[in-house]
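Structural overview
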Amino acid sequence: MGNSNGLAQVARQELSGFGGKLTGPEDPGYEEARAIYNAMIDRRPGLVATVADADDVATVVSFARDRDLVLAVRGGGHNGGGLGTCDDGVVIDLSALKRIEVDPGGRTVKVGGGCLWKEVDAATGEHGLATPSGILGTTGVGGLTLGGGIGQLTRTCGLTIDNLLEAEVVLASGEPVRASAAENSDLFWAIRGGGGNFGVVTSFTFHLHEVGTVIAGPTLWPVEQVPEVLSAYREFLPGAPRELNGFFANMTIPPVDPFPAEIQTRKACGVFWRYVGGEDDAAREMAPLLDALPEPLLHGPQPMPHADAQCATDPLYPAGEQWYWRADFVNRIPDEAVTEHARYGAELPTMKSTMHLYPIDGAAHDPGPEDTAWSYRDANWGTVYAGVDPDPANAAAIRRWCIDYFDALHPYSAGGAYVNMMMDDEGSDRVRASYRGNYDRLARVKAEYDPGNIFRVNQNIEPAA
Ligand SMILES: Cc1cc2nc3c(=O)[nH]c(=O)nc-3n(C[C@H](O)[C@H](O)[C@H](O)COP(=O)(O)OP(=O)(O)OC[C@H]3O[C@@H](n4cnc5c(N)ncnc54)[C@H](O)[C@@H]3O)c2cc1C
């Protein structure tokens, strides 16, 4: 740590053309500058370089590369494994790259590499348009997109990467390039699922869909009913139309409005819906599931702007809490898996801990496993087991529950996991399993664009020999 104390000073002396802000441990504002979403990860970089443009990115990449410093790249800072920061080295903080240009006629949006999804959704929502993202508004566009992007429009519009048209990327050499189907197509293939392994993306251009008012909200049953609710859900959802999205959750009903007081703090299971269309159509499409199940504790879906629905649960999960999570791709949910979900759902260790099963069928199945770096096009769900709590004293307990839950269900999984929902301690075999047959091609693209593995603070793909 001794050396890192002087890093910001050295950078200030040497990076004369740098237009952004350089913050080191000795500077005021350092604690704020180094903070990331997951408070379980407490890293102290030697320099946080908040860049103003792509030239600044190139300057800092070269600075770190030439000194052999560890380099992390931070978009929204939301990564569960804390892969947007590092100890001692340099963090490129993209949070000032916030430009958003919507072209409603051309159905595109171009966004800066440091945008959050709530900012993008608000801008496109003004035109009744959206591109698919995640389930919260506070997540960064950068990390979510580069890892794939699973959310409440996945069945309707595909993964986020399926809507990526172009990216501007600063390479390990410092050179800025464009990646699209027409330019640097191997790089474009790799960044659609391969994470931050290939360069720093300073802007993304996405295709937009007509998504204005949607039907959104949960239907919840007591956690004791997991066996019947999950069994019915696994049969129902794959046959539902693409306009209907709905992830299954084990959760505790939060002690806040608009949840009715009499059910607050109860452990529950249920489906968080998103229907792209009208209320009557939504009710008709949900009916086969609802009619097959007992009366729920709550049936909350209602019309609202998609951009509002995207942020609805943000206040429940603010930055600065403890997170430990594990993930798996899932093809089928056999009865034995349902039994384990019922068991661990009943043992949620804290109010905010949860399990989500995100559908990744529908439009996400249109591309083949080798069309983008994201290999699991044949999986039907992505599961995440998330131990969450504000109190660091509960860190060990949430970690234990998460790993036990994962261990119990992993035998029923498809093998790999969504890289964006892995921790930083899962090992390179797990990364390889998550890219399956695409790993070797990714390693070759990595060798071409980042032979020295400068961009290694991520779910790392090592350059091919
Ligand atoms: C509460 C919570 C909810 C989530 N919900 C979803 C969800 O619904 N769907 C989903 O798909 N994922 C979800 N995620 C996972 C999320 O996609 C990843 O955590 C993702 O890494 C976050 O992106 P970020 O830019 O905020 O992260 P950061 O921590 O800033 O970065 C994460 C990784 O991406 C790289 N990176 C980020 N931006 C860039 C860039 N512009 N150029 C190059 N590399 C970059 C970083 O180097 C790092 O390796 C969620 C995460 C959390 C904590």
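Located above this text is the structure these notes cover.
First things first, this report covers the structure right here in the doc. (Residues numbered from 1 in each chain as written. Predicted model: local features only at pLDDT ≥ 70, side-chain atom pairs only at ≥ 80, totals over all residues. Heavy atoms only, no water.)

1. Some thoughts on the overall build of the protein
Rule in force here: Comment: elements are numbered from the N terminus, with helices defined as DSSP H or I runs of at least four residues and strands as E runs of at least two. Whether a residue is buried, partly exposed or exposed follows from its accessible area with a 1.4 Å probe, protein chains only, as a fraction of its type maximum: under 20%, in between, or over 50%, in that order. In this analysis, two residues are considered to be in contact whenever any of their non-hydrogen atoms come within 4.5 Å of each other. Calculation of accessible area relied on Shrake-Rupley with a 1.4 Å probe; when residues are assessed, cover is drawn exclusively from the protein chains displayed. A positive count includes Lys and Arg, and a negative count includes Asp and Glu. His and the chain ends are not counted in either. Charge positions are represented by NZ for Lys, CZ for Arg, CG for Asp and CD for Glu.
When helices and strands are counted, the protein shows 14 helices and 19 strands. Once the C-alpha set of the protein is aligned to its principal axes, its extents read approximately 70 × 50 × 40 Å. When burial is assessed residue by residue, the protein has 59% of its 465 residues classed as buried. Put simply, 74% of the contacts in the protein that link residues at least 6 apart link residues at least 24 apart. Carbon and sulfur atoms make up 48% of the accessible area of the protein, which totals about 17,300 Å². One way to put it: in the protein the 36 positive side-chain charges average out to a point 3 Å from where the 63 negative ones average out.

2. Observations concerning the nonpolar core
Defined as follows: As used here, the term nonpolar core means buried Ala, Val, Leu, Ile, Met, Phe, Trp, Tyr and Cys residues forming a set that is joined through side-chain atoms within 4.5 Å.
If you look at the biggest cluster of nonpolar residues, it comprises 111 residues, and the most contacted ones within it are Leu187, Ile191 and Trp374. Per element, the largest residue contribution to this core is 7 residues, and it comes from helix α12 (residues 395-409). If sequence neighbours within four positions are ignored, Trp374 has contacts with Gly147, Gly148, Ile150, Leu159, Ile161, Arg192, Gly193, Phe329, Ile360, Pro369, Tyr418 and Asn438. Counting 25 residues, the second-largest nonpolar core is a separate cluster that includes Ala8, Leu22, Ala49 and Phe63.

3. A look at the environment of Gly75
Mapped onto the elements of the fold, Gly75 is located in the loop between β3 (71-74) and β4 (90-93). Of the residues examined, Gly75 reaches a relative accessible area of 17% and is grouped as buried. As for Gly75 and Glu262, which are separated by 187 residues in sequence, their C-alpha atoms are 40 Å apart. Setting aside chain neighbours within four positions, we find Gly75 in contact with Leu94, Gly113 and Gly114.

4. Digging into the packing of aromatic side chains
Heads up, the condition is: Any Phe, Tyr or Trp ring, taking Trp's six-membered ring, that has another such ring centre within 6.5 Å forms a pair; planes under 30 degrees apart are called stacked, those over 60 apart edge-to-face, and the others tilted.
Following the criterion strictly, the structure yields 17 aromatic pairs and no others. Between Tyr37 and Trp323, the ring centres sit 5.7 Å apart and the planes meet at 50 degrees, which makes this aromatic pair tilted. Of this pair, Tyr37 sits in the loop between α2 (30-34) and β2 (47-50) while Trp323 sits in strand β17 (residues 322-330), and the two are 286 residues apart along the sequence. Trp323 matches Tyr37 in its accessibility class, with the two residues each being buried. Summarising the aromatic geometry, the rings of Tyr317 and Trp323 are spaced 5.6 Å apart at their centres and angled 55 degrees between planes, so their arrangement reads as tilted. The class for Tyr317 is buried, based on a relative accessible area of 17%.

5. Side note on the layout of surface pockets
Convention followed: Grid points spaced at 1 Å and placed over the protein atoms alone form the basis of the search, with a cavity being a set where a 1.4 Å probe fits but cannot get out and a pocket an open set showing protein on both sides within 12 Å along at least five of seven lines. Lining residues have an atom within 4 Å of a point. Grid points are joined across faces, edges and corners, and a volume is the space filled by probe spheres set on the points. Gly counts as polar in this scheme, as do all residues outside two lists: the nonpolar Ala, Val, Leu, Ile, Met, Phe, Trp, Tyr, Cys and Pro, and the charged Asp, Glu, Lys and Arg.
Looking at the second largest pocket, its volume works out to about 430 Å³. Considering the residues around the second largest pocket, the lining is formed by 23 residues, among which Glu32, Ala35, Arg74, Gly76 and Ser95 are closest to the centre. Where the lining of the second largest pocket is concerned, the elements lending two or more residues are β1 (21-23) and α2. Residue classes in the lining of the second largest pocket are distributed as 8 nonpolar, 10 polar and 5 charged.

6. With respect to the sheet that holds strand β9 (residues 176-180)
The line we're drawing: Only strands that DSSP links by at least two bridges are regarded as paired with each other. Think of each axis as a best-fit line through the C-alpha atoms, taken over the contacting stretch in the case of a helix, with angles from 0 to 180 degrees between the N-to-C directions.
Read from one edge to the other, the open sheet built from 5 strands follows the order β5-β6-β10-β8-β9, with strand pairing classed as antiparallel. Single-partner strands in this sheet number two, and they are β5 (100-103) and β9. Across this sheet, the average inter-strand angle for adjacent strands is 15 degrees, counted without regard to direction. Here strand β8 (residues 164-170) pairs with strand β10 (residues 200-207) via 6 bridges, running antiparallel. Pairing of Glu168 across the sheet is with Ser203, part of β10.

7. Regarding the pairing of strand β18 (residues 354-359)
Residues in a regular strand project their side chains so that they alternate between the two faces of the sheet. The buried count for β18 comes to 6 of 6 residues, which makes it a mostly enclosed element. Here β18 shows no split at all, with Thr354, His356 and Tyr358 on one side and Met355, Leu357 and Pro359 on the other all buried. In terms of strand pairing, strand β13 (residues 244-252) meets β18 through 3 bridges, oriented antiparallel. Bridge pairing in β18 places Asn250 opposite Met355. Two elements, β18 and strand β19 (residues 381-389), share 6 bridges in a ladder whose sense is antiparallel. By the bridge assignment, Pro359 is partnered in β19 with Trp381.

8. Examining the site of the ligand
Put simply, the test is: Any residue with at least one heavy atom within 4 Å of a molecule or strand is counted as near it. Pairing of N or O atoms within 3.5 Å defines a polar contact, subject to two protein rules: one partner must be a possible hydrogen donor and the other a possible acceptor, and residues neighboring in sequence count only if both atoms are side-chain atoms.
The environment of the ligand is made up of 35 residues, and the closest members are Gly75, Gly77, Ile135, Ile150 and Tyr418. Backbone polar atom of Gly143 to an oxygen atom of the ligand: 2.9 Å apart, as the coordinates give it. For the ligand, an oxygen atom lies 3.3 Å from a polar atom in the backbone of Leu144. Here the ligand loses 98% of its free accessible area of 940 Å² to cover by the protein chains. Of the residues in the shell around the ligand, the class split is 16 nonpolar, 18 polar and 1 charged.

9. Some remarks on the pattern of salt bridges
Cut-off, in case you're wondering: Throughout this description, the term salt bridge denotes a Lys or Arg side-chain nitrogen within 4 Å of a carboxyl oxygen of Asp or Glu.
Evaluation of the coordinates by the stated rule reveals 32 salt bridges. As a salt-bridge pair, Arg242 and Asp366 come within 2.8 Å of each other at their nearest N and O atoms. Placement of the pair is Arg242 in the loop between α8 (226-236) and β13 and Asp366 in the loop between β18 and β19, with a sequence separation of 124 residues. Accessibility expressed as a relative area gives 53% for Asp366, which makes it exposed.

10. A few points about α12
Stated precisely, the cut-off is as follows: To estimate the expected span of a helix, subtract one from its residue number and multiply by 1.5 Å.
The end-to-end C-alpha distance of α12, which contains 15 residues, comes to 21 Å, matching closely the 21 Å that a straight helix rising 1.5 Å per residue would cover. Along α12, the residues that are buried comprise Ala395, Ile398, Trp401, Cys402, Ile403, Tyr405, Phe406, Ala408 and Leu409. Close packing links the buried residues of α12 with β13, β17, α11 (335-346), β18, β19 and α13 (428-435).

11. Structural notes on the packing of α8 against α11
Helix-helix packing is described using two parameters, namely the angle between the two axes and the distance between the axes. Stated formally: The labels follow the angle: roughly parallel below 35 degrees, roughly antiparallel above 145, roughly perpendicular from 65 to 115, and oblique for the rest. Less than a right angle of anticlockwise turn of the near helix away from the far helix marks a crossing as left-handed, whereas a clockwise turn marks it as right-handed.
Taken N-terminus to C-terminus, the directions of α8 and α11 make an angle of 135 degrees; their axes are 9 Å apart at the nearest point. Between α8 and α11, the interaxial angle falls into the category oblique. Two packed elements cross with a definite hand, and for α8 against α11 that hand is right-handed. On α11, the residues touching Val226, Pro227, Leu230, Ser231 and Arg234 of α8 are Asp335, Val338, His341 and Ala342. Class assignment for the residues of the contact of α8 with α11 results in 5 nonpolar, 2 polar and 2 charged.

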